[in-house]
Amino acid sequence: MEYNNISIRCGYPFVGYTLRKLKTFLTKMELIYDEGIEFSVCLFNQDDDIIATGSLEGNVLKCVAVSDKYQGEGLAAKIVTRLVDECYNNNQHHIFLFTKPKNQVMFTDLGFYTIISTEDVLFMENIKGGIVKFIESLKSPYYGDEIGAIVVNCNPFTKGHEYLIKAASKECDLLHVFVLSENKSAFPTDVRVKLVKMGVRNLKNVIVHETSDYLISSATFPSYFIKDKENVDNINCTLDLSIFYEYIVKRLNIKKRFVGTEPFCKVTNEYNKQMIEFLNKKGIEVIEIPRYKIDNIEVSASRVRKLLEKGNYKEIQKIVPKTTYDFLISEQGQEIALSIKNN
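Predicted model, so just to flag it, every value in this text is computed and none were measured.

Thresholds, definitions, all that
- Counting restarts for each chain, with residues numbered from 1 along the sequence as it is written.
- Thresholds applied to this predicted model are a pLDDT of at least 70 for local features of residues and 80 or more for the giving and counting of side-chain atom pairs; totals over whole chains, interfaces and linings are not thresholded and use all residues.
- Based on all heavy atoms of the structure, the side-chain values leave hydrogens and waters out of the count.
- Counting from the N terminus, the helices are DSSP H or I runs at least four residues long and the strands are E runs at least two residues long.
- Burial here depends on accessible area, computed with a 1.4 Å probe over protein chains only, as a share of the maximum for the residue type. Under 20% is buried, over 50% is exposed, and the range in between is partly exposed.
- Throughout this description, a polar contact denotes any pair of N or O atoms lying within 3.5 Å of each other; where both atoms belong to protein, one of them has to be capable of donating a hydrogen while the other can accept it, and for residues adjacent in sequence the pair is counted only when both atoms sit in side chains.
- Whether two residues touch is decided by their heavy atoms; if any such pair falls within 4.5 Å, the residues are in contact.
- Any two of the Phe, Tyr and Trp rings considered here, Trp counted by its six-membered ring, make a pair once their centres fall within 6.5 Å; the pair's planes then place it as stacked at under 30 degrees, edge-to-face at over 60, or tilted in between.
- We call a charge positioned above a ring when the Lys NZ or Arg CZ atom is no farther than 6 Å from the ring centre and deviates by at most 35 degrees from the ring normal.
- A pair of strands is labelled paired if DSSP reports no fewer than 2 bridges between them.
- Each axis is a line fitted through C-alpha atoms, taken for helices only over the stretch in contact, and angles between the N-to-C directions span 0 to 180 degrees.
- Along the arc lie the directions from the helix axis toward the C-beta atoms.
- The span expected for a helix works out to 1.5 Å for each residue beyond the first.

K.L.:
When you look at the side chain of Lys256 in this model, what are you seeing that I'm missing?
P.N.:
Tracing the sequence through the fold places Lys256 in strand S11 (residues 256-260). Judged by relative accessible area, which is 13%, Lys256 ranks as buried. Polar contacts involving the side chain of Lys256 include one to the side chain of Glu146, which spans 3.5 Å. At 3.0 Å, the side chain of Lys256 forms a polar contact with the backbone oxygen of Glu171. Contacts of Lys256, omitting those with residues within four sequence positions, involve Glu146, Ile147, Gly148, Ala149, Glu171, Ile284, Glu285 and Ile287.

Structure, rendered in structure tokens:
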């Protein structure tokens, strides 16, 4: 093919007419434009039709597609190279990709390595054995055979989280607490991890980890290419839970996973339902712990953030541990509170 007749355009992200053309092209390719996209690249032919495209959200490659008419012409490589360059320009060197399983050979040839594949989704990264190195970095001191796990965001750490972790720790010889690493919360990752560690420091059988991008992140929820949108939650959970089971459960010999009941968030509630079904089939017990209440009101991180908006620290003090409260009234905590108000 002569590339002289092909033009390349980039958007941060695209808007208006070009965005509409991109969405139309993706629909033809049985893909769905992901609203979290931050950067897109499109190749146009001489008739100004999109013939190939790809996008980025953070360090995750999404919506990579080549028109059937132009398959086998090296356009996917051209798109992926531009996307990878953009990642490097943004100092993102660990890059993830999800695509359809049928594309495994193509993306392997482009320097990506399979993390896990389900019936619907193939999840890859550009570092050979990256997830294995992450799993090997997880510390697991021996306290006994009853080992449990909790995955939390803690945005920020509340007395509800404290109650959940304490209750779970009583059911285990050792409890692994995984704090989500993706920086898409009001409280930055390092702050959330610090507050969790401070909040559980007196629990000797609890060890706190970060999740990197391997659990509950933009990388592990590839809803954009799933045609049956009513089935999105099920498929999303399958990918994320497959990673949890195949790598973390087997590596750490986890027997139980604990979750708090979720009366507020439909997505989390659906995730919990799918998790129970998935892990029970694998022989892992999922234990739901009723959400902690104060004054007959469920304690939640979202409530803390709403109170921060209003500057109501008297009510906040009732529902967060002292370590969290001390942070919230610190200079850094006040900066985060201001950011929450402004947003």
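K.L.:
Teacher, can you tell me more about the packing of aromatic side chains here?
P.N.:
One pass over the structure, following the stated rule, counts three aromatic pairs. Note on Phe96 and Phe123: the rings are 5.6 Å apart at their centroids and 15 degrees apart in plane angle, and the pair reads as stacked. Taken together, the residues span a long stretch of sequence, with Phe96 in strand S5 (residues 96-99) and Phe123 in strand S7 (residues 122-125) at a distance of 27 residues. The pair formed by Phe96 and Phe123 is uniform in burial state, with each residue classed as buried. Residue placement shows Arg9 over the ring face of Phe44; its charged tip is 3.7 Å from the ring centre. The ring of Phe244 is capped by Arg257, whose NZ or CZ atom sits 4.4 Å from the centre of that ring.

K.L.:
What is the right way to read the sheet that holds strand S4 (residues 60-66) from this model?
P.N.:
Strand-to-strand pairing in sheets goes through backbone hydrogen bonds, with the strands running parallel or antiparallel. Strand order in this open sheet of seven strands is S1-S2-S3-S4-S5-S7-S6, and the pairing throughout is mixed. The open sheet terminates on both sides in strands that have one partner only, identified here as strand S1 (7-11) and strand S6 (113-117). Between one strand and the next, the sheet's axes are offset by a mean angle of 20 degrees, whatever the strand orientation. Inspection of the sheet shows S1 paired to strand S2 (residues 39-44) by five bridges, in the antiparallel sense. Looking at S2, one finds that Gly11 is bridged to Ser40. Lying over the sheet, helix H2 (residues 75-89) contacts S1, S2, strand S3 (50-57) and S4, oriented at roughly 25 degrees with respect to S3.

K.L.:
Can you help me understand the environment of Gly58 in this one?
P.N.:
Inspection of the secondary structure puts Gly58 in the loop between S3 and S4. The spatial distance from the C-alpha of Gly58 to the C-alpha of Gln92 is 7.9 Å, given a sequence separation of 34 residues.

K.L.:
Before we go on, may I ask you to explain the sheet that holds strand S8 (residues 147-152) in this structure?
P.N.:
Taken together, five strands build an open sheet; the order of strands is S10-S9-S8-S11-S12 and the sheet is parallel. Two strands in the sheet have a free side with no partner beyond their single neighbour: strand S10 (206-210) and strand S12 (285-289). Taking the axes of each pair of neighbouring strands and ignoring which way they run, one obtains an average angle of 25 degrees across the sheet. For S11 and S12, the ladder comprises five bridges, and the chain directions are parallel.

K.L.:
Quick question: what am I supposed to make of helix H5 (residues 159-169) here?
P.N.:
The periodicity of an α-helix, 3.6 residues per turn, causes residues three or four places apart in sequence to face the same way. All buried positions along H5 are accounted for by Gly160, His161, Leu164, Ile165, Ala168 and Ser169. Projected onto a plane normal to the axis of H5, the buried residues spread over an arc of 165 degrees and lie on a single side. Next to the buried residues of H5 lie S8, strand S9 (174-179), S10, S11, S12 and helix H9 (301-310). Capping the start of H5, Thr158 holds a side-chain oxygen 3.0 Å from the backbone nitrogen of Gly160, two or three residues further along.

K.L.:
Just checking my understanding: could you explain helix H12 (residues 331-342) for this structure?
P.N.:
Taking 1.5 Å per residue, 12 residues should reach 16 Å; H12 reaches 17 Å between its end C-alpha atoms and fits that length. When we look at burial in H12, the residues that qualify are Gly333, Ile336, Ala337 and Ile340. Burial along H12 is one-sided: seen end-on, the buried residues are contained in an arc of 100 degrees. Among the exposed residues of H12, those oriented more than 90 degrees off its buried face are Glu331 and Asn342. In this structure, the buried residues of H12 make contact with H9, helix H10 (313-319) and helix H11 (322-328).

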